[in-house]
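Next come the chains, spelled out residue by residue.
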Amino acid sequence: MNPMSFDVKRAVAAVGAKLVDPPEVLLVLGSGLGGLVELVEDAVSVSFEDVPGFPPVGVKGHSGRYVAGSLDGRRVLIQAGRFHLYEGLPMELVCAPVRIAAALGVRACIFTNAAGGISRKLHPGSLMLIDDHINLQWRSALAGAVVEGDERFPDMSAPYDGELQRIAVAAALELGERLERGTYAAVMGPSYETPAEVRMLAKMGADAVGMSTVPEVITARAMGLPCLGFSLITNHAAGLSLELLDHDDVMAVGAQARVKLSKIICGVLSRIQS
């Protein structure tokens, strides 16, 4: 694909034609977390195959579709599946789903991902509210010509919205679910990190590590959209346990813990003001 060939307006028209009402909140689901779509009422599904310019999703655990409808009183657009830089795709395409959602009317974004735990307080099955992130993918989502509607130098002193975080903590407390907080590091992948790299990340201040989310959040912030982020810890990062890392294990832990995360997200949605 020619990196400059993707037409956001065509994609917006194709997705928008299937929707009944404009969405308020974008939910981006990471590996193994696609089960949240089962809770959507009056659901309308749009396969990525039907979005002009979208390639097939190439990662197990990412179904590759939008699901729109109502979830806990909010009109949502769920992105079940995402594109990754390690697939060899241009940054423009990795961030395109966020731009499409913004054009369709969303006013807030909730991102989830599967991540390896670096902090000793995180274990497989833990949920981490993302306080901050470290971009180690060595590319910026905003490099190049300024996209219409973007801020050229968005402030990233608080990439994850404080009010949405307060709401998430309140929802978790009410549900009796433990919610850790920490910094997420995004690396390129697709290989898992070495033990030496994990030690480096720990010294840099990372609590968890994954291969997504950061480009999308930067894009959303450039458009002025508030963001909330969750990492579902699926494994100990390399060198912190004797277990070998395997994507199927990531999927299995995600399936076990997604119910907890789904409840918290629904609690957040029910508290967001219209």
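Up top you'll find the structure we're talking about.
Keep in mind that what you see is a predicted model, and the values were worked out from it rather than measured.

Describing the packing of helix 2 (residues 91-104) against helix 5 (residues 214-222)
Here's step 1: Axis separation between helix 2 and helix 5 bottoms out at 9 Å; the angle between their running directions is 55°. In terms of their interaxial angle, helix 2 and helix 5 are classed as oblique. Regarding helix 2 and helix 5, the two cross each other, and that crossing is right-handed. Contact residues: Met-91, Val-94, Cys-95, Val-98 and Arg-99 in helix 2; Pro-215, Glu-216, Thr-219 and Ala-220 in helix 5.
Here's step 2: A class-by-class count of the residues in the contact of helix 2 with helix 5 yields 6 nonpolar, 1 polar and 2 charged.

Considering helix 2
Here's step 1: For helix 2, spanning 14 residues, the distance from its first C-alpha to its last is 21 Å, which sits close to the expected 20 Å at 1.5 Å a residue.
Here's step 2: Taking the largest bend as the criterion, helix 2 deviates by roughly 40°, centred on Pro-97.
Here's step 3: Counting buried positions over the 14 residues of helix 2 gives 11, a clear majority of the element.
Here's step 4: Taken residue by residue, helix 2 has Met-91, Leu-93, Val-94, Cys-95, Ala-96, Pro-97, Val-98, Arg-99, Ile-100, Ala-101 and Leu-104 as its buried positions.
Here's step 5: Downstream of helix 2 by one or two residues, Gly-105 has phi in the positive range, about 120°.

A short note on the side chain of Ser-212
Here's step 1: With respect to the helices, strands and loops of the structure, Ser-212 is situated in the loop between strand 8 (208-210) and helix 5.
Here's step 2: Here Ser-212 falls in the buried class, since its relative accessible area comes to 8%.
Here's step 3: Side-chain polar atoms of Ser-212 contact the side chain of Arg-82, separated by 3.4 Å.
Here's step 4: Looking at Ser-212, its side chain comes within polar contact range of the side chain of Thr-213, at 3.1 Å.
Here's step 5: Here Ser-212 is in contact with Arg-82, His-84, Asn-113, Gln-137, Tyr-184 and Ala-186, once residues within four sequence places are set aside.

Reading guide: rules and limits
Residues numbered from 1 in each chain as written. Predicted model: local features only at pLDDT ≥ 70, side-chain atom pairs only at ≥ 80, totals over all residues. Heavy atoms only, no water. Axes fitted to C-alpha atoms, helices over the stretch in contact; angles between N-to-C directions. Helix = DSSP H or I, 4+ residues; strand = E, 2+ residues; numbered from the N terminus. Parallel < 35°, antiparallel > 145°, perpendicular 65-115°, else oblique. Left-handed = near helix turned anticlockwise from the far one by under 90°. Contact = heavy atoms within 4.5 Å. Nonpolar A, V, L, I, M, F, W, Y, C, P; charged D, E, K, R; others polar. Expected span 1.5 Å × (residues − 1). Bend = angle between axes of the 7 residues up to and from the residue. Buried < 20%, exposed > 50% of the residue type's maximum accessible area, 1.4 Å probe, protein only. Polar contact = N/O pair within 3.5 Å; in protein donor to acceptor, adjacent residues only side chain to side chain.

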